[in-house]
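Structural features, examined
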Amino acid sequence: MANPITISSASSPLSRIISITNPISRITNHCCFSTSTNSVIRTSSFLLTTAMSSAAATKVRVAPAIIVGGGRVGKALQDMGNGDDLLVRRGEPVPLDFVGPILVCTRNDDLEAVLQATPQSRWEDMVFFQNGMLEPWFKDKGLGDADQVLAYFAVSKLGEPPTDGKTDTNPEGLTAVYGKWASAVAARLHAGGLSCKVLDKEAFQKQMLEKLIWISAFMLVGARHPGSTVGVVEKDYRSEVCSLIAELAAAAEAEKGITFEEAMDERLCAYARAVAHFPTAVKEFKWRNGWFYSLSAKAIAGGKPDPCPLHTAWLRELKIV
């Protein structure tokens, strides 16, 4: 019977097999192979199967959730779960007896219908994934400090895995969550390979306003230059967008009594580079640019200077107001 031998030569016909199985061989500290190629392959297959089974057995347990909205984000969130989530589509009622968070992944303009389809006793379990300024709507509906997610990730097509919006200035990721179900939501996103920070209310509000400034500024400047993606805006019209960012940031600070971290324009331009393919258009005005325009209208009505004159002028130029 042939003695077992250890293959170490880089020129060996089996060296490529060994290099593939090296990560597994570290689990067992050493690995000896017979001179039979079939034996090596069988041994490697066994170890690979064992490692994969172990990984599957230790999969993170994600809290079951009701997911409202079967679009790209809703489907991606469902895929991150363990198969025991409940998907509720447009027009369907949200059940009373399903314990867990209610992840709302619809368009902003559908929020009223979603709220009415949800038992009032479950409103405190709703987690909102929408972009934009939701605070006035929360206040109007008596939702208080509702749970929110700032989703800095993109899902290009239904059923495809999401792409994390990590940037060169924030390589740790920008996605953040606040509220009662924050830890459960973060665990779900982590299980899907995404970054997510759990923040307190003050920190979350600052990041929410930064994202509002990003989408309001880049969409408006892009609309002034038809066909521009956010990447084109960042590259070719950076002076315009940075001027607008500074104006909107100052207005938000004055309105909310907060101070943003320095270098906001660098952070927002870095995010634009990370999602450079996104198209630009001024949409969902009420929830985005409309909040800044309301600050302008309030100031002018009170006989004060417009805090966002550039923003107002460009909205009028495009006949949006």
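Remember, it's a predicted structure, so these values are computed and weren't measured experimentally. (Residues numbered from 1 in each chain as written. Predicted model: local features only at pLDDT ≥ 70, side-chain atom pairs only at ≥ 80, totals over all residues. Heavy atoms only, no water.)

What follows concerns the overall build of the protein. Check the secondary structure of the protein and you find 12 helices and 9 strands. Here the protein holds 321 residues, and the buried ones make up 46% of them. Restricting the contact set of the protein to residue pairs at least 6 apart, pairs at least 24 apart contribute 61%. For the protein, the accessible area works out to roughly 16,400 Å², and carbon and sulfur atoms hold 55% of it. (Helix = DSSP H or I, 4+ residues; strand = E, 2+ residues; numbered from the N terminus. Buried < 20%, exposed > 50% of the residue type's maximum accessible area, 1.4 Å probe, protein only. Contact = heavy atoms within 4.5 Å. Areas by Shrake-Rupley, 256 points an atom, 1.4 Å probe, with all protein chains shown as cover.)

Let us look at the nonpolar core. Grouped together as the largest cluster of nonpolar side chains are 43 residues, with contacts concentrated most on Ile213, Trp214, Phe218 and Phe292. Only strand E8 (176–178), helix H7 (201–224), helix H8 (230–236), helix H9 (238–256), helix H10 (264–274), helix H11 (289–301) and helix H12 (309–317) provide two or more residues apiece to this core. It is H7 that provides the largest number of residues to this core, a total of 12 residues. Apart from residues lying up to four places away in sequence, Phe292 is in contact with Leu212, Ile213, Ser216, Leu248, Ala252, Cys308 and His311. In terms of nonpolar packing, the next biggest core, distinct from the first, is built from 22 residues, Ile67, Val149, Val155 and Leu189 among them. (Core = buried A, V, L, I, M, F, W, Y, C linked by side-chain atoms within 4.5 Å.)

We now examine the sheet that holds strand E3 (residues 102–104). With mixed pairing, 7 strands are arranged side by side in an open sheet as E2-E1-E3-E4-E5-E8-E9. Two strands bound the open sheet, and with one partner strand each, they are strand E2 (86–88) and strand E9 (197–198). Pairing of strand E1 (residues 66–68) with E2, which is carried by 3 bridges, proceeds in the parallel orientation. Residue pairing across strands places Val68 opposite Val88, the latter belonging to E2. (Pairing = 2+ DSSP bridges.)

This paragraph deals with the pattern of salt bridges. A complete count under the given rule lists 21 salt bridges for this structure. Close ionic contact of Arg188 with Asp85 constitutes a salt bridge, the shortest N to O distance being 2.8 Å. Taken as a pair, Arg188 in helix H6 (residues 182–191) and Asp85 in the loop between helix H3 (72–79) and E2 lie far apart in primary sequence, 103 residues in all. By relative accessible area, which is 14% here, Asp85 ends up buried. Arg273 is the partner of Glu234 in a salt bridge, and the nearest nitrogen-oxygen pair spans 3.0 Å. In this pair, Glu234 sits in helix H8 while Arg273 sits in helix H10, placing the two residues 39 residues apart along the sequence. A relative accessible area of 10% means that Glu234 is categorised as buried. A single salt-bridge network, built from bridges that share partners, covers Asp168, Glu234, Arg238, Glu266 and Arg273. (Salt bridge = Lys/Arg side-chain N within 4 Å of Asp/Glu carboxyl O.)

This brings us to the pairing of strand E5 (residues 147–150). Burial of the side chains of E5 extends over both faces: Asp147 and Val149 are buried on one face and Gln148 and Leu150 on the other. In terms of strand pairing, strand E4 (residues 126–128) meets E5 through 2 bridges, oriented parallel. The partner of Phe128 across the bridge, within E5, is Gln148. In this fold, the crossover linking E4 to E5 by way of helix H5 (residues 135–141) has right-handed handedness. (Right-handed = clockwise from strand over helix to strand, strands pointing away.)

Below, the discussion takes up H7. Compared with the 34 Å implied by 1.5 Å per residue over 24 residues, the 35 Å span of H7 between its first and last C-alpha is a close match. Counting buried positions along H7 yields 18 of 24 residues, so the element is predominantly enclosed. (Expected span 1.5 Å × (residues − 1).)

Time to look at H6. Those residues of H6 that fall on the buried side of the exposure criterion are Ala182, Val185, Ala186, Arg188 and Leu189. What you see down the axis of H6 is that its buried residues fit within an arc of 160°, all on one side. Following H6 by one or two positions, Gly193 adopts a phi angle in the positive range, close to 80°. (Arc of directions from axis to C-beta.)

The next point concerns unusual backbone geometry. Phi is positive for Ala263, close to 65°, though the residue is something other than glycine. One can find Ala263 in the loop between H9 and H10. On the basis of relative accessibility, which here comes to 41%, the residue Ala263 falls in the partly exposed class. Although it is not a glycine, Lys319 adopts a positive phi angle of roughly 60°.

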